[in-house]
Amino acid sequence: MDAYVVPTADPHQSEYPPNCHARREYLTKFTGSAGSAVVTEDEALLWTDGRYFLQAADELGEDWGLQKQGVQGTPTISEWLSDKLKPGSNVAIDPYLHTALEVEQIEKKLAEKNINLQLVHDNLVDALWDTRPPFPTTPIRIHPPEWAGKTSTEKLAELRADMDKENADVMVLSKLDDVAWALNLRGGDIESNPVFLSYLLVLKDKVMLFVDKSKVTPTVQQHLDEIKAEVEDYDNVVGAVEDLAKAGMKIMYDPASTSVALAHAAKASPEVVRTTSPIDLKKALKNKQELDGMREAHLRDAAALCKFWAWMDLATKRGEVINEYDAGGELKNFRSEQPGFIEPSFPSIVGEGPNGAVIHYRAAKATARDIKAGSLILIDSGGQYDCGTTDVTRVYHFGGDKHQPTQEQKDVYTRVLKGHIAVDTAVFPEGTPGFVLDVFARRHLWEAGLNYLHGTGHGVGAALNVHEGPHSISPRFTNTVPLKPGMICSNEPGYYEDGVYGMRIENLLIVTEKETPNTFNDVKYLGFERLTHVPIQRKLLNLDLMTDDEIKWMNDYHNEIWEKISPRVSDEQAALDWLFDNTQPIKREPLRVIGNKEAVAAAE
């Protein structure tokens, strides 16, 4: 063994693995949600993307090197291994942590240099990790039918129809949110993600759920009995797939999300169907009840956020100092006062000043910066509610009129807002993939020679994971999935001045059909409905950079916020006053009359 690859992934390709599978974090001390480590005899490297360059540089020890994924000149892991290792060398991976498609691509690249890829079932990190946390045991719960919109019986019928199209006998589901969605169940095995460690095999006449049986409550067992679900031990899934394959069953799986361990187990089948999972699109296209639940979750969330921002505003004006860590705790407390709140939808990003430039910053109690009058703070946070999932980012400058942001900060923030408005108001023909809209968000930053190293928008689950595919809005033009009515997507352009400040404005949007004066070639046109209802700070705006239409958008949005949220904060006068003050219309300063009155009148 000459190299060992340690990905972020767990056996289910989760973005955020449970603590018991956080091997890459244990090995590297890097806490970001994306990255892979490679260890050879004389080098140790971490690959991660632009969201985490600053964070990785800060968290990695001196023994580790950083490879900036996506930056010109940075090799892929396969390219680096092919270049560094001698022919005949062996690269080892854990077959449960890499997808079948990924392994095929790695094997192909390494084979060009006669380098072998080994599948090693005993994970090397586990052998070192004497403090490895135990597997989670949080009980599974039923997702309320009024918010699911479809019964699990109806969903399984849809999946079986997809199987029939491929003449398949078994569908393998290993992504945790796929299992949760299909069964209308939720869990708590991963922080902020309402999922549970499990696999699901869908057969024509039953389903087989592989899970820790201690998590299955009597109520959940009754639910499973109704849909003819057999509960099996979590560790038995590979053997079960192999047995079904040997029995002549035609196995169907997605090679982009199924581990190579499961793919190899399916090889005994007389025929294997490798295809894109039909669940990704089914999850993305929310039904009416799911959309209603998301709307309700965002109204509750907005009320909590308005109370939080009002508290922060008053405290800093009184001269109080609150650190980032404590502010994040208070934000969770305000959310917990809302009905149906379960947990944050991801660890809150609370970054004051330079920490706002760390795109996925997470404050630590010992090193948290103080927030006070004059502070510029970026907070990206969200909530998991019984009815839906939220994700919102706002930047505020504290201290009232006595403390003002710099002109640079106002100019940058306004350009970010202009991009945000451009996406929010976009109208586009059906069939348009998200990458087409990405330039809308960046144009005004590009005009000033500025940019940001993350996507503009991601899908969001309905009372599920805060990051969801298959659609997105980003420069990655390889994602050609078109935006469709019922999809939910974030709108979050930003700018980050390393070591100084960060700017980002994020709302969630629903893709909807739009009425247009014409329908050229009988094509429908689409746009967006806003879900998020939290004020955008006016103090940070440079109105000279804004058009009249953009100012009108801002005023209309704030009026909508006042109408929808004021009844929900009427029980707290400080929050109601803050909401009123922060939703007042903005307008340009009147022109000063200098010189010839007729010339000024003509200019006006």
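Residues numbered from 1 in each chain as written. Predicted model: local features only at pLDDT ≥ 70, side-chain atom pairs only at ≥ 80, totals over all residues. Heavy atoms only, no water.

1. Section: the domain arrangement of the protein
So, step 1. What the domain assignment lists for the protein is domain 1 (3-128), domain 2 (141-278) and domain 3 (288-582).
So, step 2. Just the C-alpha atoms count here: the centres of domain 1 and domain 3 sit 33 Å apart.
So, step 3. Counting residues at the interface gives nine residues for domain 1 and nine residues for domain 3.
So, step 4. Together, the buried faces of domain 1 and domain 3 total about 780 Å²; carbon and sulfur atoms form 63% of this surface.
So, step 5. Taken together, the connections running from domain 1 to domain 3 amount to zero salt bridges.
So, step 6. If you look at where domain 1 meets domain 3, you find two residue pairs in polar contact (both at pLDDT 80 or more).
So, step 7. Class assignment for the residues of the side of domain 1 that touches domain 3 results in four nonpolar, three polar and two charged. (Domains from an automatic or database assignment. Contact = heavy atoms within 4.5 Å. Buried area = accessible area lost by both parts, 1.4 Å probe. Salt bridge = Lys/Arg side-chain N within 4 Å of Asp/Glu carboxyl O. Polar contact = N/O pair within 3.5 Å; in protein donor to acceptor, adjacent residues only side chain to side chain. Nonpolar A, V, L, I, M, F, W, Y, C, P; charged D, E, K, R; others polar.)

2. So, the UniProt feature "domain: Peptidase M24 C-terminal" (unreviewed entry) in the protein
So, step 1. On the UniProt side, "domain: Peptidase M24 C-terminal" (unreviewed entry) is annotated at positions that read residues 524-586 here.
So, step 2. Across residues 524-586 one finds 43% helix and 10% strand; the C-alpha atoms that close the span lie 34 Å apart. (UniProt positions renumbered as here; feature names shortened; annotations may be inferred. Helix = DSSP H or I, 4+ residues; strand = E, 2+ residues; numbered from the N terminus.)

3. Considering the sheet that holds strand 19 (residues 376-381)
In a beta sheet, neighbouring strands are held together by backbone hydrogen bonds and run either parallel or antiparallel to one another.
So, step 1. What the three strands build is an open sheet, ordered 17-19-21; its pairing is antiparallel. The open sheet has two edge strands with one neighbour each: strand 17 (349-352) and strand 21 (392-397). The average undirected angle you get between the axes of adjacent strands in this sheet is 10°.
So, step 2. Summarising the sheet, strand 19 and strand 21 pair through six bridges and their orientation is antiparallel. Bridge pairing in strand 21 places Ile-377 opposite Tyr-396. (Pairing = 2+ DSSP bridges. Axes fitted to C-alpha atoms, helices over the stretch in contact; angles between N-to-C directions.)

4. Quick look at the packing of helix 17 (residues 548-565) against helix 18 (residues 573-581)
So, step 1. Axis separation between helix 17 and helix 18 bottoms out at 10 Å; the angle between their running directions is 160°. On the basis of their axis angle, the class for helix 17 and helix 18 is roughly antiparallel. In this structure, the crossing between helix 17 and helix 18 has a hand that is left-handed. Counted together, Ile-561, Trp-562 and Ile-565 of helix 17 and Leu-576, Leu-579 and Phe-580 of helix 18 form the full contact between these two elements.
So, step 2. Grouping the constituent residues of the contact of helix 17 with helix 18 by class yields six nonpolar, no polar and no charged. (Parallel < 35°, antiparallel > 145°, perpendicular 65-115°, else oblique. Left-handed = near helix turned anticlockwise from the far one by under 90°.)

5. Things to note about the pattern of salt bridges
So, step 1. Scanning all chains against the criterion turns up 45 salt bridges.
So, step 2. Between Glu-230 and Lys-206 there is a salt bridge whose closest N-O contact spans 3.1 Å. Of this pair, Glu-230 sits in strand 12 (residues 229-232) while Lys-206 sits in the loop between strand 10 (198-203) and strand 11 (207-211); the two residues are 24 residues apart in sequence, bridging distant segments of the chain.
So, step 3. Overlapping salt bridges bring together Lys-150, Glu-158, Asp-162, Lys-165 and Lys-282 as one network.

6. With respect to the sheet that holds strand 10
So, step 1. Sheet architecture is open: six strands sit in the order 12-11-10-8-13-14, paired in mixed fashion. A single partner strand is all that each edge strand has here, and the edge strands are strand 12 and strand 14 (272-274). Geometrically, the sheet is characterised by an average inter-axis angle of 20° between neighbouring strands, direction not taken into account.
So, step 2. Across the sheet, helix 7 (residues 152-165) lies against strand 8 (170-173), strand 10, strand 11 and strand 13 (251-253), angled at about 65° from strand 10, the strand it touches most.

7. Brief notes about the nonpolar core
So, step 1. Ranked by internal contacts, the top residues of the largest apolar core, which has 76 residues, are Trp-309, Leu-417 and Met-503.
So, step 2. By residue number, the principal contributor to this core is helix 13 (residues 288-317), which donates ten residues.
So, step 3. Counting 55 residues, the second largest nonpolar core, distinct from the first, contains Ala-168, Val-170, Val-241 and Met-252. (Core = buried A, V, L, I, M, F, W, Y, C linked by side-chain atoms within 4.5 Å. Buried < 20%, exposed > 50% of the residue type's maximum accessible area, 1.4 Å probe, protein only.)

8. Section: the packing of aromatic side chains
So, step 1. Enumeration according to the criterion identifies 17 aromatic pairs in this entry.
So, step 2. Geometrically, the ring pair formed by Phe-308 and Phe-334 is edge-to-face, given 6.2 Å between the ring centres and 70° between the ring planes. On the criterion of sequence distance, the pair formed by Phe-308 in helix 13 and Phe-334 in helix 14 (residues 324-336) is long-range, its members being 26 residues apart. The pair formed by Phe-308 and Phe-334 is uniform in burial state, with each residue classed as buried.
So, step 3. Geometrically, the ring pair formed by Trp-309 and Phe-398 is tilted, given 6.1 Å between the ring centres and 35° between the ring planes. Taken together, the positions of Trp-309 in helix 13 and Phe-398 in the loop between strand 21 and helix 15 (407-424) put the pair 89 residues apart, joining distant regions of the chain. (Phe/Tyr/Trp six-rings, centres within 6.5 Å; stacked < 30°, edge-to-face > 60°.)

9. Here's the deal with the pairing of strand 21
So, step 1. Buried residues dominate strand 21, accounting for six of its six residues.
So, step 2. Of the two faces of strand 21, the one lined by Val-392, Arg-394 and Tyr-396 and the one lined by Thr-393, Val-395 and His-397 are each fully buried.

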